[in-house]
Amino acid sequence: MYKIETNFRCGSILFSIPNFSDNRGEFTKLYNFKELKKIGITFTVKEHFHSISNKNVLRGMHFQINEGAHTKIVQCIKGSILDVFVDVRKDSDFYNKPVAIKLKGNSALYLPKGMAHGFLSLENNTIVQYLVDKEHNPKNDRGVLWNSIDFNWPIEFPLLSDRDKKHPLIGDQKCIFF
């Protein structure tokens, strides 16, 4: 069954995922609504994404606003990442107070609305999957510049997409969440 590893401020939860192994390999159950509800996660999947990244790729810091604001479950299924999330709700006590964890294996991260999320890939061919409770809506897609958050990244020049290089500073982003 799912077990809470850490309850973070701002409603984010790190939890362990049931994993079964035998001589054939492994089997993991990332999502079970009834069992996740027992640990306080009520989440209905609307879309599933995965990314494959080389070492030193930084993806983020992304979120959705307005009616597109979504909650998310993130799991690193191969390799490892430095997963970073930050509250971008300006009225929150946790605004711009990032949390970073090394994520790999049989742990997953639940992120509520209002969190900008990103990660630094620590290995080549790292695979990360995301489950979200709203369909992606490009008009509500937002981000904040990775190095504008109050976090000391362990890399000075990560590999970034053109889009991620152009995000506004965290203080310049207007964020509305429903």
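Please refer to the structure placed before this passage.
Residues numbered from 1 in each chain as written. Predicted model: local features only at pLDDT ≥ 70, side-chain atom pairs only at ≥ 80, totals over all residues. Heavy atoms only, no water.

**Focus: the sheet that holds strand E2 (residues 13–16)**
This is how the line gets drawn: DSSP calls a pair of strands paired once it identifies at least 2 bridges connecting them. Going along the chain from the N terminus, every DSSP run of H or I of four or more residues is numbered as a helix, and every run of E of two or more is numbered as a strand. Simply put, an axis is a line fit to the C-alpha atoms, just over the touching stretch for a helix, and the angle between two N-to-C directions goes from 0 to 180 degrees.
The strand order across the open sheet formed by 6 strands is E1-E2-E10-E7-E12-E5, and the pairing between neighbours is antiparallel. A strand with exactly one partner marks an edge of an open sheet, and here the two such strands are strand E1 (3–7) and strand E5 (47–53). Averaged over all adjacent pairs, the angle separating strand axes in this sheet is 25°, with direction ignored. Here 4 bridges tie E1 to E2, and the two strands are oriented antiparallel to one another. Directly across from Lys 3, in E2, lies its bridge partner Ser 16.

**Considering the packing of aromatic side chains**
What counts, and what does not: In this analysis, rings of Phe, Tyr and Trp, with Trp reduced to its six-membered ring, are considered paired at centre separations within 6.5 Å, and the interplanar angle assigns stacked below 30 degrees, edge-to-face beyond 60, and tilted for intermediate values. Think of it in three bands: with a 1.4 Å probe and only protein chains considered, a residue is buried below 20% of the maximum accessible area for its type, exposed above 50%, and partly exposed in between.
Summed over all chains, the structure comprises 7 aromatic pairs. Ring centres 6.2 Å apart and planes at 80° place the aromatic pair Phe 43 and Tyr 110 in the edge-to-face group. With Phe 43 in the loop between helix H1 (33–38) and E5 and Tyr 110 in strand E10 (residues 107–111), this pair connects stretches of sequence that are 67 residues apart. Owing to a relative accessible area of 1%, Phe 43 belongs among the buried residues under this scheme. In this structure an aromatic cluster arises from ring pairing among Tyr 31, Phe 43 and Tyr 110.

**Structural notes on the layout of surface pockets**
This is how the line gets drawn: Here a cavity denotes grid points, spaced 1 Å and computed from the protein atoms alone, that fit a 1.4 Å probe unable to get out, and a pocket denotes an open set having protein on both sides within 12 Å along at least 5 of 7 lines; residues with an atom within 4 Å of a point are the lining. Grid points are joined across faces, edges and corners, and a volume is the space filled by probe spheres set on the points. Each residue gets one label: Ala, Val, Leu, Ile, Met, Phe, Trp, Tyr, Cys and Pro are nonpolar, Asp, Glu, Lys and Arg are charged, and the others, such as Gly, are polar.
Here the largest pocket is characterised by a volume of approximately 460 Å³. Contributing to the lining of the largest pocket are 27 residues, with Phe 49, His 62, Lys 72, Tyr 130 and Arg 163 lying nearest its centre. Sorting the residues of the lining of the largest pocket by element identifies E5, strand E6 (58–64), strand E11 (115–121), strand E12 (126–132) and helix H2 (162–165) as the ones contributing at least two each. Sort the elements by how many residues they give to the lining of the largest pocket and E6 lands first, with 6 residues. By residue class, the composition of the lining of the largest pocket is 9 nonpolar, 10 polar and 8 charged.

**Remarks on the side chain of Asp 87**
Cut-off, in case you're wondering: Side-chain atoms alone can form a polar contact between residues adjacent in sequence; in general such a contact is a pair of N or O atoms within 3.5 Å, and within protein one must be able to donate a hydrogen while the other accepts it. Contacts between residues were defined by any pair of non-hydrogen atoms, one from each residue, lying within 4.5 Å.
Looking at the element boundaries, Asp 87 is found in strand E8 (residues 81–87). Polar contacts involving the side chain of Asp 87 include one to the side chain of Arg 89, which spans 2.7 Å. With sequence-adjacent residues up to four places away left out, Asp 87 is seen in contact with Cys 10, Ser 92, Phe 94, Tyr 95, Asn 96, Gly 114 and Met 115.

**Comments concerning the nonpolar core**
Selection rule: Residues belong to a common nonpolar core when they are buried Ala, Val, Leu, Ile, Met, Phe, Trp, Tyr or Cys residues joined through side-chain atoms within 4.5 Å.
Core analysis: the largest hydrophobic core is formed by 18 residues, its most contacted members being Met 61, Val 144, Ile 149 and Trp 153. Of all the elements in the fold, those that place two or more residues in this core are E6, E8 and E11. Among the nonpolar cores identified, the runner-up in size contains 16 residues, and Phe 8, Phe 85, Leu 109 and Val 128 belong to it.

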